[in-house]
Number of protein chains: 2
Amino acid sequence: VVTTGGLGPTVDDLTRHGIADALGLALVESPQAEACVREHLGRHGIHDPSPSQMTQALVPEGAQVLYNRLGSAAGFVCRVGGGLVAALPGVPSEMRAMTVEKLVPVVRSAFPALPAICRRVVGVARRPESHVNEAVRDLMEAPAGPRVGVMCSPGVVRIVVTASADSPQRAESAAERVVGEIASRLGESVFTTRGESLAEVLGGRLGASGLTLSLAESCTGGLIGQLVTSVPGSSGWFRGGVVAYSNEAKRGLLGVPARLIESEGAVSGPVAEAMALGARRAFGSDYGLAVTGIAGPAGGTADKPVGLVYAALAGPAGARGQAGRGGPSAATSHEWRFSGTRETIRDRTAAYALDICRLAVVI
Amino acid sequence: VVTTGGLGPTVDDLTRHGIADALGLALVESPQAEACVREHLGRHGIHDPSPSQMTQALVPEGAQVLYNRLGSAAGFVCRVGGGLVAALPGVPSEMRAMTVEKLVPVVRSAFPALPAICRRVVGVARRPESHVNEAVRDLMEAPAGPRVGVMCSPGVVRIVVTASADSPQRAESAAERVVGEIASRLGESVFTTRGESLAEVLGGRLGASGLTLSLAESCTGGLIGQLVTSVPGSSGWFRGGVVAYSNEAKRGLLGVPARLIESEGAVSGPVAEAMALGARRAFGSDYGLAVTGIAGPAGGTADKPVGLVYAALAGPAGARGQAGRGGPSAATSHEWRFSGTRETIRDRTAAYALDICRLAVVI
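Scoring rules and cut-offs
Throughout this document, residue positions are counted from 1 along each chain, in the order its sequence is written. Here the convention is simple: chains get letters from A, ligands get numbers from 1, in the order in which they are written. Local features in this predicted model are restricted to residues of pLDDT 70 or higher, and side-chain atom pairs are both shown and tallied only at a pLDDT of 80 or more, whereas totals for entire chains, interfaces and linings draw on every residue. Note that water and hydrogens are dropped before the side-chain values are worked out from all heavy atoms of the structure. Only DSSP runs of H or I with at least four residues qualify as helices, and only runs of E with at least two residues qualify as strands; both kinds are numbered from the N terminus onward. Each residue gets one of three labels from its accessible area relative to the maximum for its type: buried under 20%, exposed over 50%, partly exposed in between, using a 1.4 Å probe on protein chains only. With a 1 Å grid spanning the protein atoms alone, the term cavity applies to any set of points in which a 1.4 Å probe fits but cannot get out, the term pocket to an open set with protein on both sides within 12 Å along at least five of seven lines, and the term lining residue to any residue with an atom within 4 Å of a point. Grid points are joined across faces, edges and corners, and a volume is the space filled by probe spheres set on the points. Polar here means any residue outside two lists: the nonpolar Ala, Val, Leu, Ile, Met, Phe, Trp, Tyr, Cys and Pro, and the charged Asp, Glu, Lys and Arg; Gly therefore counts as polar. In this description, strands pair whenever DSSP reports at least two bridges between them. Geometry is summarised by axes, namely lines fitted to C-alpha atoms with helices restricted to the contacting stretch, and by angles between N-to-C directions that run from 0 to 180 degrees. Should any heavy atoms of two residues lie within 4.5 Å, those residues are counted as being in contact. Throughout, a crossing is termed right-handed when the near helix is turned clockwise from the far one, and left-handed when it is turned anticlockwise from it by less than a right angle. A 1.4 Å probe defines the accessible area here, and the buried area is the portion of it lost by two parts on being joined, summed over both. Salt bridge, as used here, is a side-chain nitrogen of Lys or Arg placed within 4 Å of a carboxyl oxygen of Asp or Glu. We define a polar contact as two N or O atoms separated by no more than 3.5 Å, with the added condition that, inside protein, one atom must be a possible hydrogen donor and the other a possible acceptor, whereas residues neighbouring each other in sequence contribute only through side-chain atom pairs. The pLDDT score gives, residue by residue, the confidence of the prediction method on a 0 to 100 scale. Only residues with pLDDT of at least 70 in both copies count here: their C-alpha atoms drive the least-squares fit that superposes the copies. Each Phe, Tyr or Trp ring, with Trp reduced to its six-membered ring, pairs with another whose centre is within 6.5 Å; inter-plane angles below 30 degrees give stacked pairs, above 60 give edge-to-face pairs, and intermediate values give tilted ones. Here the expected length of a helix is defined as 1.5 Å per residue gap, with one fewer gap than residues. Here the term right-handed applies to a crossover when the path leading from its first strand over the helix to its second strand runs clockwise, the strands being oriented away from the viewer.

## Some remarks on unusual backbone geometry
Residue and element names in this part refer to chain A.
For step 1, the next point in the chain: Omega for the peptide link from Gly-296 to Pro-297 comes to 0°, which places this bond in the cis form.
For step 2, the next point in the chain: Examined against the element boundaries, Pro-297 turns out to sit in the loop between strand 13 (287-293) and strand 14 (308-316).
For step 3, the next point in the chain: With a phi close to 60°, Arg-126 is a non-glycine residue in the positive phi region.
For step 4, the next point in the chain: With respect to the element layout, Arg-126 can be found in the loop between strand 7 (116-125) and helix 5 (129-141).
For step 5, the next point in the chain: Looking at Arg-126, the relative accessible area reads 25%, which means it is partly exposed.

Listed below in structure tokens is the structure:
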């Protein structure tokens, strides 16, 4: 049994008490759990934990403490009969790190006969869920072999392949076989077979080619920049971005001609192209990626409805890479029509835009 | 019973089959569910649903269909004895909208004797969870009256107050009493008593005052812009931002003097102030908000460790509002030291920065 959450310092954090009660164990102070509390508070300049903070140092008697390197709530594992009861913190980042680094080794050593498991995640961009489903239906329905499941998020479908076998090598090769089959069926829509994000894959390609990227965002308001910079080391290939939420910003910082905005509208292919070229120029990068659109809920018209988005990618003109930075540049734009809420339209825009950039940067 | 997810078109979407099996009902085509499929696909230019897409038109015989205005998966409700079994889509935005707009009215009319419920969410910025917990501990432990719970996210603690009574008015006044007490105890750390985000509250204040904001982001990479522009109508008070991920961008687009970056370092109070002033000038806004810091995992030093963040707010100099846009400006900076992952450091930075801006814009 694995629980998450309820290990904090507040009075409604009752997991430690609940587990101790259920197992008939007393709660005792643990020096290792106390160390988590003191180290975490110490980083915030607090050297004298309050009584409520110190409840985080309590664990059921005999429990093995799981060190939390990211927060004050230690986890713990109790042995019950032939099984384990584990309590992990609820904060997702702390829970994930503790699971991988602490809990899995404990479970492995408690149950040495467990099969080896290999889990691979294939990322597919810009394809509807139903299309991906049709493409892998026979693999999902196969009575034997790795399990195949499909998960959706705006603009990206993830196919999860889970193989188990009696050795890590056998599990990996079984998963690899299915992953290879999926990749060959879905072609260049597949941006990763190792669970990476679109921004990570794009960053890997830019980094490997020594190329750089800058952004000009309108309707996404910084979302693409946030995704790109969530990749550690992105400062090596990401130069920066302009969130051009007003026409003045599109003109002043990106050099989009006022007459272009007037004649075509701020949400148009030509303005997207001018924004991409402007970002490339302003930041001196190899590529400039721009989006402009109507995320809603207001602002749509019959001609330009909510969900209409233009994206453009600017790069060196002529044969790939010949012109280089500072040389002549060319931009191409794309038109998309999305449905959904403001949030999903923005998420989908970001995924689609990162994907056109990924496909352009070939290594 | 309410289920979420498993209503998609893929072969592992089995919720409709599972519920029909459990209740001994046949699956039948529903014209209303089919309308959801056709409308959604039509918006994507698909006018001929595939067989797998058409499985989304199936519901258990006699079920009431819940229209999905955001996606292709209709929900449904089956009556079983004196109870209800409801199936909602798993996509969070679709699930939320359907719960509020469709499911709640069905539940209310099926169970007219249910008590009225009033739920209020108090948002507290820049206070540790344990501090908030101590402040409201007696309210959480109170044997009667509204239930009080605490939820944490980086930089923000939310206190949820849930009151139930025999009339909506009584529930609301019971919740209001507790909310008022919490607000008076926590003072200006409370940024909302109605569940709004920091960006919504800040936007409301800027909009009501006719003031505008621009951003200069380094370590957050666009996250603050994304939060600000996730507020519908933000184009009324948000001018734009610069993601200055490189020193060249800090100099070129924001006018931060090169010698300042050299002498103080890019992560420093003076550079944050120069970035805030630069954003205010570049976008012609009343306020300029800037952050620069080390989000990690790499890039930290003994002097400037991972988690060190500077933020600055620039506004009109002198008496409040007298100078106005274009007049002389002044900036003040803040230094923070955060712990956690790259993601939580960035989230916390964004929350803290929005909060210093909220406190500066007094209406």
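## A look at the layout of surface pockets
To find leftover empty space, one rolls a probe the size of a water molecule over the atoms.
For step 1, the next point in the chain: Reported here for the second largest pocket is a volume of approximately 1100 Å³.
For step 2, the next point in the chain: Val-91 and Glu-94 of chain A together with Glu-129, Cys-152 and Arg-348 of chain B are the residues nearest the centre of the second largest pocket, which is lined by 47 residues in total.
For step 3, the next point in the chain: Of all elements in the fold, only helix 2 (31-43) and helix 4 (92-110) of chain A together with helix 5 (129-141), strand 8 (147-153), strand 9 (156-165) and helix 12 (342-360) of chain B reach the threshold of two or more residues within the lining of the second largest pocket.
For step 4, the next point in the chain: If one sorts the elements of the lining of the second largest pocket by residue count, helix 12 of chain B sits on top with 5 residues.
For step 5, the next point in the chain: Of the residues belonging to the lining of the second largest pocket, the class tally is 18 nonpolar, 19 polar and 10 charged.

## A look at the sheet that holds strand 6 (residues 83-88) of chain B
All names here are of chain B.
For step 1, the next point in the chain: Taken together, the 4 strands give an open sheet; going across it, the order is 1-6-5-4, and neighbouring strands pair in mixed fashion. Strands with a single pairing partner mark the edges of an open sheet, and in this sheet they are strand 1 (2-4) and strand 4 (64-66). The average undirected angle you get between the axes of adjacent strands in this sheet is 20°.
For step 2, the next point in the chain: Summarising the sheet, strand 4 and strand 5 (residues 75-80) pair through 3 bridges and their orientation is antiparallel. Directly across from Val-65, in strand 5, lies its bridge partner Phe-76.
For step 3, the next point in the chain: On the sheet, helix 4 (residues 92-110) packs against strand 1, strand 4, strand 5 and strand 6 and is oriented at approximately 170° with respect to strand 6.

## Observations concerning the sheet that holds strand 14 (residues 308-316) of chain B
For step 1, the next point in the chain: Taken together, 10 strands build an open sheet; the order of strands is 15(A)-14(A)-13(A)-11(A)-12(A)-12(B)-11(B)-13(B)-14(B)-15(B) and the sheet is mixed. In this open sheet, the two strands that pair with only one neighbour each are strand 15 (329-337) of chain A together with strand 15 (329-337) of chain B. The average angle at which neighbouring strand axes cross in this sheet is 15°, direction not considered.
For step 2, the next point in the chain: Pairing of strand 13 (residues 287-293) of chain B with strand 14 of chain B involves 6 bridges; the strand directions are antiparallel. The residue bridging Gly-288 of chain B from the neighbouring strand is Ala-314 of chain B, located in strand 14 of chain B.

## Some thoughts on the environment of Val-85 of chain A
Residues and elements named next belong to chain A.
For step 1, the next point in the chain: Residue placement: Val-85 occurs in strand 6 (residues 83-88).
For step 2, the next point in the chain: The spacing of Val-85 and Ala-63 is 22 residues in sequence and 9.4 Å in space, taken between C-alpha atoms.
For step 3, the next point in the chain: Excluding residues that lie within four positions of it along the chain, Val-85 makes contacts with Val-1, Ile-19, Phe-76, Val-77, Cys-78 and Val-80.

## Considerations on the packing of helix 5 of chain A against helix 6 (residues 168-186) of chain A
Residue and element names in this part refer to chain A.
For step 1, the next point in the chain: Contact pair helix 5 / helix 6: the axes reach a minimum separation of 11 Å and the direction vectors enclose 145°. In this structure, helix 5 meets helix 6 at a crossing whose hand is right-handed. Contacts between helix 5 and helix 6 involve His-131, Val-132, Ala-135, Val-136, Asp-138 and Leu-139 from the first element and Val-178, Glu-181, Ile-182, Arg-185 and Leu-186 from the second.
For step 2, the next point in the chain: Broken down by class, the residue content of the contact of helix 5 with helix 6 amounts to 7 nonpolar, 1 polar and 3 charged.

## Focus: the interface of chain B and chain A
For step 1, the next point in the chain: If you look at the interface, chain B gives 55 residues, while chain A gives 55 residues.
For step 2, the next point in the chain: When the two sides are added together, the surface that chain B and chain A hide from each other amounts to roughly 4300 Å², 59% of it contributed by carbon and sulfur.
For step 3, the next point in the chain: The largest per-residue losses of area from chain B upon contact with chain A belong to Val-11, Tyr-245 and Leu-253 of chain B, which jointly make up 13% of the total buried on that side.
For step 4, the next point in the chain: Where chain B touches chain A, the interface holds 0 salt bridges.
For step 5, the next point in the chain: In this structure, the connection of chain B to chain A is made through 20 residue pairs in polar contact (both at pLDDT 80 or more).
For step 6, the next point in the chain: Mapped by element, the contributors of at least two residues to the side of chain B that touches chain A are helix 2 (31-43), helix 3 (51-54), helix 5, strand 8, helix 8 (223-229), strand 12 (238-244), helix 11 (269-283) and helix 12 of chain B.

## Some details on the confidence of the model for chain A
Close inspection of predicted coordinates is inappropriate in any region flagged by low pLDDT.
For step 1, the next point in the chain: Overall, the prediction assigns chain A a mean pLDDT of 93, with 97% of residues at 70 or greater.
For step 2, the next point in the chain: Quick note on the complex model: pTM equals 0.89, ipTM equals 0.87.

## A word on the relation of the copies chain B and chain A
For step 1, the next point in the chain: Mapping chain B onto chain A calls for a rotation angle of 180° and an axial translation of 0.0 Å; the resulting RMSD is 0.0 Å. What the rotation and shift describe, once combined, is the action of a two-fold rotation axis.
For step 2, the next point in the chain: Counting the interface residues of chain B, we find that 100% of their copies in chain A are interface residues as well, pointing to one common contact surface.

## So, the packing of aromatic side chains
All names here are of chain A.
For step 1, the next point in the chain: Overall, the coordinates contain 8 aromatic pairs over all chains when judged by the stated rule.
For step 2, the next point in the chain: Where Phe-338 meets Tyr-352, the ring centres are 4.8 Å apart and the plane angle is 75°; that geometry is what we call edge-to-face. Of the two residues, Phe-338 sits in the loop between strand 15 and helix 12 (342-360) while Tyr-352 sits in helix 12, which places them 14 residues apart along the sequence. Comparing Phe-338 with Tyr-352 shows no difference in burial state: the two are buried.
For step 3, the next point in the chain: Here the aromatic residues Trp-336, Phe-338 and Tyr-352 are joined through ring pairs into a cluster of three or more.

## Notes on helix 7 (residues 198-209) of chain A
All names here are of chain A.
For step 1, the next point in the chain: With 12 residues, helix 7 extends 17 Å from end C-alpha to end C-alpha; this agrees with the ideal 16 Å at 1.5 Å per step.
For step 2, the next point in the chain: Listing the buried residues of helix 7 in full gives Leu-198, Ala-199, Val-201, Leu-202, Gly-203 and Leu-206.
For step 3, the next point in the chain: In the stretch just after helix 7, Gly-210 is the one whose phi turns positive, near 70°.

## Looking at the pairing of strand 9 (residues 156-165) of chain A
Residues and elements named next belong to chain A.
For step 1, the next point in the chain: Strand 9 sits mainly inside the fold: 8 of its 10 residues count as buried.
For step 2, the next point in the chain: Two strands pair when backbone bridges link them, and strand 7 and strand 9 are joined in this way by 10 bridges, in the antiparallel orientation. Following the sheet pairing, Ala-125 is matched in strand 9 by Val-156.
For step 3, the next point in the chain: Pairing of strand 8 (residues 147-153) with strand 9 involves 7 bridges; the strand directions are antiparallel. Paired with Cys-152 across the strands is Val-157, a residue of strand 9.
For step 4, the next point in the chain: Linking strand 8 to strand 9, which pair antiparallel, is a turn of 2 residues; within it Gly-155 sits at a positive phi near 85°.

## Topic: the pattern of salt bridges
Residue and element names in this part refer to chain B.
For step 1, the next point in the chain: Under the criterion given, the structure shown has 22 salt bridges over all chains.
For step 2, the next point in the chain: Between Asp-355 and Arg-126 there is a salt bridge, with its nearest N and O atoms 2.9 Å apart. Of the two residues, Asp-355 sits in helix 12 while Arg-126 sits in the loop between strand 7 (116-125) and helix 5, which places them 229 residues apart along the sequence.
For step 3, the next point in the chain: Two residues, Asp-138 and Arg-185, come together in a salt bridge whose shortest N-O distance is 2.8 Å.

## Some details on the pairing of strand 12 of chain B
Residues and elements named next belong to chain B.
For step 1, the next point in the chain: A large share of strand 12 lies buried, amounting to 7 of its 7 residues.
For step 2, the next point in the chain: Both strand 11 (residues 213-217) and strand 12 contribute to a ladder of 5 bridges, which runs parallel. Looking at the pairing, Ala-216 lines up with Val-242 of strand 12.
For step 3, the next point in the chain: Considered for its hand, the β-α-β crossover made up of strand 11, helix 8 and strand 12 is right-handed.

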